[in-house]
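Notes for the structure review
Spelled out, the chains give:
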Amino acid sequence: MSAAYRNALDVIAAVEPGVAGAIRGELADQRASLKLIASENYASPAVLLTMGTWLSDKYAEGTIGHRFYAGCQNIDTVERLAADHAKALFGAEHAYVQPHSGIDANLVAFWGILAHRVESPALAAAGARHVNDLSEDDWETLRKALGDQRALGMSLDAGGHLTHGFRPNISGKMFHQRSYGTDPETGLLDYDALRATAREFRPLVLIAGYSAYPRRVDFARMREIADEVGAVLMVDMAHFAGLVAGKVFTGVHDPVPYAHVTTTTTHKSLRGPRGGLVLCQREYADSIDRGCPMVLGGPLGNVMAAKAVALAEARQVAFADYAHAVAANAVALAEGLVRRGVRLVTGGTDNHLVLLDVSTYGLTGRQAESALLDAGIVTNRNAIPRDPNGAWYTSGIRVGTPALTSRGFGPQEFDRVAELIVGVLTDTTPSSTSKAKYDLPPGTAGKTRAAAAELLTAHPLYPGLDLA
Ligand SMILES: *Cc1c(COP(=O)(O)O)cnc(C)c1O
């Protein structure tokens, strides 16, 4: 493998040495950083190699076996493999693996749901069988119907995602949005309040899923609420798909049997290539399959192939072991932090992430994030529920275990990571004039970097890959 990569980099360097240098530099950086970003991971060499192929060069708009271009047999093969693996892995009735990212998967889902629930009746009412048969007046009726739809999603400061109907994303312009949050005492999802909001607001789509909520969600309860108000339940499992795939989340915590439509990224805890996919119940399949050209450009054959490889990996026993280790490591990290006096949102975790409230150290999330980075620990700042410092400075730090677990870190290493984090937070002094500035003694930064390097050296990334 080393020889293959060295040869590949020589080929690239002959055209643009700057890119070859950046590729080498990125490997060195990834190897040397204690990566606790909850949304990142390390894909396998098999997944990475699949992306660098001529499957990238083929146009294949349409669906498997029904393409608008000739000669798509190999793209059909990889898309079918990816969809079949996704269906088998998640027990889904239908899988659409073309979305280029998580945002795209959500857009496909929203338009699929709108098409299914709004457009079809509107078409029928207009006496039309196909969208092309609609008159301008009919379109006007349809547009009005679309603009009148409502979505209910988790609030951003409780851990929801921008694509769940918030203004900076197109979903916030497609839907009238309202959000649900967590209980101020426990920090846990408040299902009773959610139900009351749903009954009053009557959304077309109830969106579950999160980027920064450290607990499991009861999807049976979510479905009950959706059914009660006639909403479609859409679950965005972008962050925790790996835990679903690895059977850490089962029963009511597995969204797939309960959601009408489930979306995900493929590159977070699922450890595949950057991309997205949509799973749905059979009745939504035709609407979801219209993702391209409704909101997507031509599918990326090389990435769908890499999804097939990653999903095949995720069906192996080793992946279930990995997913269980991700969750066990998160508990070790949370316990290590709590034992050393850190306040965690909800007091702990039962997924892959932990949310620290750093205000008890007098720090903003921005200050803590920068100080930790100076000490060689890569995290990201994140709002906490009812955050007094807003979404930019924040009062929280989000840490996750998927990436370092891929490197072979266990509970002991994560307890050591907790110790390093607490050491840095304790020694960081906030500026009295700026929410961004702080002072971290160089001694602490240096000592922590050395300790982090020791952990990383003991658990090398891509062992056996030597580019020198
Ligand atoms: C990361 C994330 C997304 C967006 O994924 P991209 O691939 O970056 O577009 C969508 N929803 C949730 C809940 C996420 O965490």
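Where an unreviewed UniProt entry is consulted, the protein appears under the name Serine hydroxymethyltransferase, with the organism given as Nonomuraea spiralis. Taken verbatim from the UniProt record of the protein, the Subunit (unreviewed entry) comment is "Homodimer."

A few words on the site of the ligand. Lining the immediate surroundings of the ligand are 14 residues, of which Gly102, Ile103, Ser211, Asp236 and Lys268 lie closest. A distance of 2.8 Å is found between an oxygen atom of the ligand and a backbone nitrogen or oxygen belonging to Gly102. Separating an oxygen atom of the ligand from a side-chain N or O atom of Lys268 is a distance of 2.8 Å. Bound to the protein, the ligand loses 86% of the 380 Å² it would expose on its own. Here the element with the most residues in the shell around the ligand is helix α5 (residues 102-125); it accounts for three residues.

For the rest of this paragraph, the subject is the nonpolar core. With 58 residues, the main nonpolar core has Phe90, Tyr180, Leu206, Met222, Phe240, Leu270 and Leu279 as its most contacted residues. In terms of residue count, helix α4 (residues 73-90) provides more of this core than any other element does, seven residues in total. Beyond its immediate sequence surroundings of up to four residues, Phe240 is in contact with Gly209, Tyr210, Phe219, Val235, Phe249, Pro255, Ser269 and His352. Formed by 36 residues, the second largest nonpolar core is a distinct cluster that contains Leu36, Leu333, Ala375 and Val422.

Here the focus is the packing of aromatic side chains. Within the structure shown, the criterion is met by eight aromatic pairs. Measuring from centroid to centroid gives 5.4 Å for Phe319 and Tyr322, while their planes differ by 55°, and the two rings are tilted. Of this pair, Phe319 and Tyr322 are both found in helix α14 (residues 317-339), three residues apart, which corresponds to roughly one turn of the helix. Given a relative accessible area of 3%, Phe319 falls into the buried group. An aromatic cluster of three or more residues is present, and its members are Tyr210, Tyr213, Phe219, Phe240 and Phe249.

With that settled, consider the UniProt feature "site: Plays an important role in substrate specificity" (unreviewed entry) in the protein. The sites that carry the UniProt feature "site: Plays an important role in substrate specificity" (unreviewed entry) are, in the present numbering, His267. With respect to the helices and strands, the residue His267 is situated in the loop between β9 (261-265) and β10 (276-280). With a relative accessible area of 12%, His267 lands in the buried category. Those residues within four positions of His267 in sequence are excluded, and the remaining contacts are Ser39, Asn41, Gly272, Pro273, Arg274 and Gly275. A polar side-chain atom of His267 sits 3.1 Å from the main-chain amide nitrogen of Gly275.

Criteria and cut-off values
Residues numbered from 1 in each chain as written. Predicted model: local features only at pLDDT ≥ 70, side-chain atom pairs only at ≥ 80, totals over all residues. Heavy atoms only, no water. UniProt positions renumbered as here; feature names shortened; annotations may be inferred. Near = heavy atom within 4 Å. Polar contact = N/O pair within 3.5 Å; in protein donor to acceptor, adjacent residues only side chain to side chain. Areas by Shrake-Rupley, 256 points an atom, 1.4 Å probe, with all protein chains shown as cover. Helix = DSSP H or I, 4+ residues; strand = E, 2+ residues; numbered from the N terminus. Core = buried A, V, L, I, M, F, W, Y, C linked by side-chain atoms within 4.5 Å. Buried < 20%, exposed > 50% of the residue type's maximum accessible area, 1.4 Å probe, protein only. Contact = heavy atoms within 4.5 Å. Phe/Tyr/Trp six-rings, centres within 6.5 Å; stacked < 30°, edge-to-face > 60°.

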